[in-house]
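Here is what each chain is made of, one letter per residue.
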Amino acid sequence: MTISISAVILAGGQAKRMGGVDKGLQPLQGKPLFQFIYDRLHSQVEHISVNANRNQAIYAVAGLPVFGDNIEGFQGPLSGILTALERSETDFVLFVPCDSPFFPDNLLEKLKSAVVFHGVSIAYVHDGEREHPTFCLMARSLKEKLAAYLATGERRMLQFMRQNGAVSVDFSENKAAFTNINTLDELLQFNVQSS
């Protein structure tokens, strides 16, 4: 079964735990976080864009398409995901958050295998201990269902996923790859370790 896939870096949040800075633009080892994500992604998928609700011109300098949420007011990752599905011309979209720069090189391969094998519309990461729903592969065909879900005021990702038959994919052999950077202190620690 051949499915077409594009990818979106989710950088549309408010980063409250980082004091409201634009998380995707914070420097790690001299590069903005979203650039780290792109560098890991582009060996896995060709067409990549960025979902950002601020500083779009700065993101666009990297040469990637940039788009904001169609729903205003920072409504969470599902809002960016919905906009991405509505814009997409591929069968599936791979989503990756902008604050987890160490995700594995086989992310797409494993999520795609799960989608094809189980015949489902969503696959997402489980590291053996925690679920990581923002690392997911989602079918464009879910856009109407997602729009209806958000219209009810719901914002919980896992609930939407479970309602639509999602499968979790075991990445426990590479658990550390899904470490995310939530605070400026954590970012500083990673920068110190690498210097």
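Residues numbered from 1 in each chain as written. Predicted model: local features only at pLDDT ≥ 70, side-chain atom pairs only at ≥ 80, totals over all residues. Heavy atoms only, no water.

Engineer: Describe the UniProt feature "binding site: GTP" (unreviewed entry) in the chain, listing the residues and the values that go with them.
Structural biologist: Following the UniProt record, one finds the feature "binding site: GTP" (unreviewed entry) at L10, A11, G12, K23, N51, D69 and D99. Along the chain, A11 falls in the loop between β1 (5-10) and β2 (27-28). Tracing the chain through its elements places K23 in the loop between β1 and β2. With relative accessibility at 13%, the residue K23 sits in the buried group. (UniProt positions renumbered as here; feature names shortened; annotations may be inferred. Helix = DSSP H or I, 4+ residues; strand = E, 2+ residues; numbered from the N terminus. Buried < 20%, exposed > 50% of the residue type's maximum accessible area, 1.4 Å probe, protein only.)

Engineer: Provide a residue-level description of the UniProt feature "binding site: Mg(2+)" (unreviewed entry) in the chain, including the pertinent values.
Structural biologist: The residues that UniProt annotates with the feature "binding site: Mg(2+)" (unreviewed entry) are D99. Accessibility expressed as a relative area gives 9% for D99, which makes it buried. When near neighbours in sequence (up to four residues on either side) are disregarded, D99 contacts K23, L33, T179, N180, I181 and N182. Among the polar contacts made by the side chain of D99, one reaches the side chain of K23 at a distance of 2.9 Å. (Contact = heavy atoms within 4.5 Å. Polar contact = N/O pair within 3.5 Å; in protein donor to acceptor, adjacent residues only side chain to side chain.)

Engineer: Could you give an account of the layout of surface pockets, with specific residues and numbers?
Structural biologist: What the second largest pocket holds in volume is close to 250 Å³. As for the second largest pocket, its lining consists of 14 residues, and the residues nearest its centre are S6, H47, S49, R87 and S88. Breaking the lining of the second largest pocket down by element, the ones donating at least two residues are β1, β4 (48-51) and α3 (77-87). The dominant element in the lining of the second largest pocket, judged by the number of residues it contributes, is β1, at three residues. Among the residues making up the lining of the second largest pocket, the classes are represented as seven nonpolar, five polar and two charged. (1 Å grid on protein atoms, 1.4 Å probe; cavity = no way out; pocket = protein on both sides within 12 Å on 5 of 7 lines; lining within 4 Å. Points joined across faces, edges and corners; volume = space filled by probe spheres on them. Nonpolar A, V, L, I, M, F, W, Y, C, P; charged D, E, K, R; others polar.)

Engineer: Tell me about the packing of aromatic side chains, and please be specific about residues and values.
Structural biologist: Enumeration according to the criterion identifies five aromatic pairs in this entry. Look at F135 and F178: their rings are 5.0 Å apart centre to centre, the planes differ by 80°, and that puts the pair in the edge-to-face class. On the criterion of sequence distance, the pair formed by F135 in strand β8 (residues 131-139) and F178 in the loop between β9 (167-170) and α7 (184-194) is long-range, its members being 43 residues apart. An identical accessibility class is assigned to F135 and F178; each is buried. One aromatic cluster in this structure is built from F103, F135, F171 and F178. In this arrangement the basic side chain of K31 is found over the ring face of F36, its NZ or CZ atom lying 4.5 Å from the centre. Over the ring of F103 we find R40, and its NZ or CZ is 6.0 Å from the ring centre. (Phe/Tyr/Trp six-rings, centres within 6.5 Å; stacked < 30°, edge-to-face > 60°. Lys NZ or Arg CZ within 6 Å of the ring centre and 35° of its normal.)

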